[in-house]
Amino acid sequence: MAETSAKAPLPVVDFLKLPEGGEPYLEGHKCQSCGAVFLGERAICSKCGTRDQMKTVKLSNTGTLYVYSIVHRSFPGIQVPYVSAIVDLDGGGTLKGNLINVEPDPEKIRLGMPVEVVYKDALGRKDREGNSYLSYFFQPRR
Ligand SMILES: [Zn+2]
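Residues numbered from 1 in each chain as written. Predicted model: local features only at pLDDT ≥ 70, side-chain atom pairs only at ≥ 80, totals over all residues. Heavy atoms only, no water.

Visitor: Would you mind going over the side chain of Ser-135 with me for this structure?
Guide: For Ser-135, the position within the fold is in strand β10 (residues 132-140). Excluding anything up to four places from it in sequence, Ser-135 contacts Val-12, Leu-16, Val-118, Tyr-119, Lys-120 and Ala-122. (Helix = DSSP H or I, 4+ residues; strand = E, 2+ residues; numbered from the N terminus. Contact = heavy atoms within 4.5 Å.)

What follows is the structure, given as structure tokens:
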């Protein structure tokens, strides 16, 4: 069997979009009635109840740290400690992800600190066919 050339990585979640030849981005769904932004497709706004007014939007790659937890125990093979964070993106959208490039030390992490979204390989994980995954992470903004 011929070796296939390196394929584009697969996104870890369906709201991470990988346009061909473009930069990856996170996609949200914005209510045209009240402006609320959600991750994942929906027909009805969870905030105001308006039906069929959700439009896809490209989410911002910057935001602020809402809350975090330093994880010291995880599944076998997962390196600890790491920082699990919830971030409010600028312009709407709230999501969970790992905060990287910061020491997992409460002295070094400040609630409300500015962060940015970065896209990287999902810690070397691969599926059965050997495809790699692209994931999103947060890191402190300088
Ligand atoms: Zn709404």
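So much for the structure itself; the text now carries on.
Visitor: It is not clear to me how the pairing of strand β8 (residues 94-99) should be interpreted in this structure. Could you clarify?
Guide: Walk down a regular strand and you will see the side chains alternate between the two sheet faces. Across six bridges, strand β7 (residues 82-89) lies against β8 in antiparallel orientation. The residue bridging Asp-88 from the neighbouring strand is Thr-94, located in β8. Hairpin remark: β7 followed by β8, antiparallel, with four residues in the connecting loop; positive phi at Gly-91, about 90°. (Pairing = 2+ DSSP bridges.)

Visitor: I'm lost on the coordination of the zinc ion in this one. Help?
Guide: Taken together, the protein ligands of the zinc ion are Cys-31 (SG), Cys-34 (SG), Cys-45 (SG) and Cys-48 (SG), with distances of 2.3 Å. With four donor atoms in place around the zinc ion and angles of 108 to 112° between them, the coordination shape is tetrahedral. Donor residues binding the zinc ion come from one chain and are separated in sequence as C-x2-C-x10-C-x2-C. Taken as a pair, Cys-31 in strand β3 (residues 25-31) and Cys-48 in the loop between β4 (37-39) and β5 (54-58) lie far apart in primary sequence, 17 residues in all. (Donors = N, O, S within 2.8 Å, 3.2 Å for Na, K, Ca; no water. Tetrahedral: all angles 85-135°; square planar, octahedral: opposite > 155°, others 65-115°.)

Visitor: Teacher, can you tell me more about the environment of Ser-33 here?
Guide: On the secondary structure map, Ser-33 appears in the loop between β3 and β4. When the C-alpha positions of Ser-33 and Pro-104 are compared, they lie 40 Å apart, and in sequence the two are 71 residues distant. Excluding residues within four positions of it along the chain, Ser-33 makes contact with Cys-48 and Thr-50. A polar side-chain atom of Ser-33 sits 3.4 Å from a polar atom in the side chain of Thr-50. (Polar contact = N/O pair within 3.5 Å; in protein donor to acceptor, adjacent residues only side chain to side chain.)

Visitor: Just to check I follow, could you spell out the side chain of Asn-131 for this structure?
Guide: Checked against the element boundaries, Asn-131 lands in the loop between β9 (114-126) and β10. When sequence neighbours within four positions are dropped, the list of residues in contact with Asn-131 reads Lys-7, Leu-10, Arg-125 and Lys-126.

Visitor: For this particular structure, what's the right way to read the pattern of salt bridges?
Guide: Two side chains carrying opposite charge are able to pair once their charged atoms lie near each other. For the coordinates displayed, the defined rule picks out three salt bridges. Put simply, Arg-141 and Asp-90 hold a salt bridge, and the shortest N to O gap is 3.9 Å. Here the residue Arg-141 occupies a position in the segment after β10, and Asp-90 occupies one in the loop between β7 and β8, the gap between them amounting to 51 residues. The exposure class assigned to Arg-141 is partly exposed, which follows from its relative accessible area of 30%. Taking the shortest distance from any N to any O, the salt bridge between Lys-108 and Glu-103 comes out at 3.9 Å. In this structure Lys-108 comes out as partly exposed when scored by relative accessible area, which is 44%. Residue classification places Glu-103 among the partly exposed residues on the basis of a relative accessible area of 47%. (Salt bridge = Lys/Arg side-chain N within 4 Å of Asp/Glu carboxyl O. Buried < 20%, exposed > 50% of the residue type's maximum accessible area, 1.4 Å probe, protein only.)

Visitor: Just checking my understanding: could you explain the nonpolar core for this structure?
Guide: Taken as a class, soluble globular proteins show a tendency for nonpolar side chains to be buried jointly. Judged by nonpolar contacts, the single largest core of 24 residues is most densely connected at Leu-26, Leu-65, Leu-95, Leu-99, Tyr-119, Tyr-136 and Phe-138. The set of elements that each furnish at least two residues to this core consists of β3, β4, β6 (62-71), β7, β8, β9 and β10. Element by element, the count of residues in this core is highest for β7, at four residues. Excluding anything up to four places from it in sequence, Leu-65 contacts Ala-85, Ile-86, Val-87, Leu-99, Ile-109, Arg-110, Leu-111, Gly-112, Met-113 and Val-115. In terms of nonpolar packing, the next biggest core, distinct from the first, is built from five residues, Cys-31, Ala-36, Cys-45 and Met-54 among them. (Core = buried A, V, L, I, M, F, W, Y, C linked by side-chain atoms within 4.5 Å.)

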